[in-house]
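Chain and residue survey
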Amino acid sequence: MTHPVNGNTAFKSFLMVAALLLGGCQILNPQPEPSLYQQLGERAGIANVVEDLLYLIVEDERINHQFKGVDVVQFHRNLTDQLCQLSGGPCTYSGREMRELHADMAITDTQFNALAENLILAMEENGIPTGAQNRLIKRLLPLYPAIRNL
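Rules used in this analysis
- Residues numbered from 1 in each chain as written.
- Predicted model: local features only at pLDDT ≥ 70, side-chain atom pairs only at ≥ 80, totals over all residues.
- Heavy atoms only, no water.
- Helix = DSSP H or I, 4+ residues; strand = E, 2+ residues; numbered from the N terminus.
- Buried < 20%, exposed > 50% of the residue type's maximum accessible area, 1.4 Å probe, protein only.
- Polar contact = N/O pair within 3.5 Å; in protein donor to acceptor, adjacent residues only side chain to side chain.
- Contact = heavy atoms within 4.5 Å.
- Salt bridge = Lys/Arg side-chain N within 4 Å of Asp/Glu carboxyl O.
- Phe/Tyr/Trp six-rings, centres within 6.5 Å; stacked < 30°, edge-to-face > 60°.
- Core = buried A, V, L, I, M, F, W, Y, C linked by side-chain atoms within 4.5 Å.

1. Section: the side chain of Asp 60
Structurally, the position occupied by Asp 60 is in the loop between α3 (42–59) and α4 (72–86). Overall, the relative accessible area of 8% leaves Asp 60 in the buried class. At 2.8 Å, the side chain of Asp 60 forms a polar contact with the side chain of Arg 62. Residues in contact with Asp 60, not counting those within four places in the same chain, are Ala 114 and Asn 118.

See the structure below:
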């Protein structure tokens, strides 16, 4: 008959060995998940996404009229900074507040969604993983009321 204390110790040892074998790869080689900023390609990757987004906006008749007369260089810089900051990067958005910026634009849900669709297309064109796309969109959603002036 096995002594209860010795049997219990053997069982605990077995569990510890099993845990090390099953999770050993994680213990020996910890690989932190890349941040959203990293998954977007850091500032350079975000700038590429924004550049591709600008081309998509120009071609999209649902929204291109909203961007007529916009300083493209400033828009690119501000949106790149904003997405960089929202993704946890070291950038600081210094543009105008969303409500003030969009106050006289009367943006519709269709236009808001068109821009979101184009952003997703631009991210896809740049090889941004779907999970990272979703994480960025989730961080952009709180801006919806200010952009729509609700």
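Following the structure, the description resumes.
2. Quick word on unusual backbone geometry
Positive phi is not limited to glycine here, since Glu 42 has a value of about 60 degrees. You can see Glu 42 is positioned in helix α3.

3. Examining the pattern of salt bridges
Under the defined criterion, the tally for this structure stands at 6 salt bridges. Residue Glu 100 pairs with Arg 96 through a salt bridge whose shortest N-O separation is 3.6 Å. Its relative accessible area of 49% is what places Glu 100 among the partly exposed residues. The exposure class of Arg 96 is partly exposed, given its relative accessible area of 44%.

4. Considering the packing of aromatic side chains
A ring pair, where both rings are aromatic, is described by two values, the distance of the centres and the angle of the planes. The final tally for this structure, using the stated rule, is 2 aromatic pairs. Measuring from centroid to centroid gives 4.8 Å for Phe 112 and Tyr 144, while their planes differ by 85 degrees, and the two rings are edge-to-face. One end of the pair, Phe 112, is in helix α6 (residues 109–125); the other, Tyr 144, is in helix α8 (residues 144–148), with 32 residues separating them in the sequence. Using a relative accessible area of 17% as the deciding quantity, one classes Phe 112 as buried. We classify Tyr 144 as partly exposed; its relative accessible area is 24%.

5. Quick notes on the nonpolar core
Ranked by size, the top nonpolar core spans 22 residues in total, and within it Leu 40, Ile 46, Leu 83, Leu 119, Met 123 and Leu 136 carry the most contacts. Secondary structure elements with two or more residues in this core: α2 (36–39), α3, α4, α6 and α7 (130–140). The element that contributes the greatest number of residues to this core is α3, accounting for 6 residues. In contact with Leu 83, not counting residues within four places along its chain, are Ile 46, Val 50, Leu 119, Leu 136 and Leu 140.

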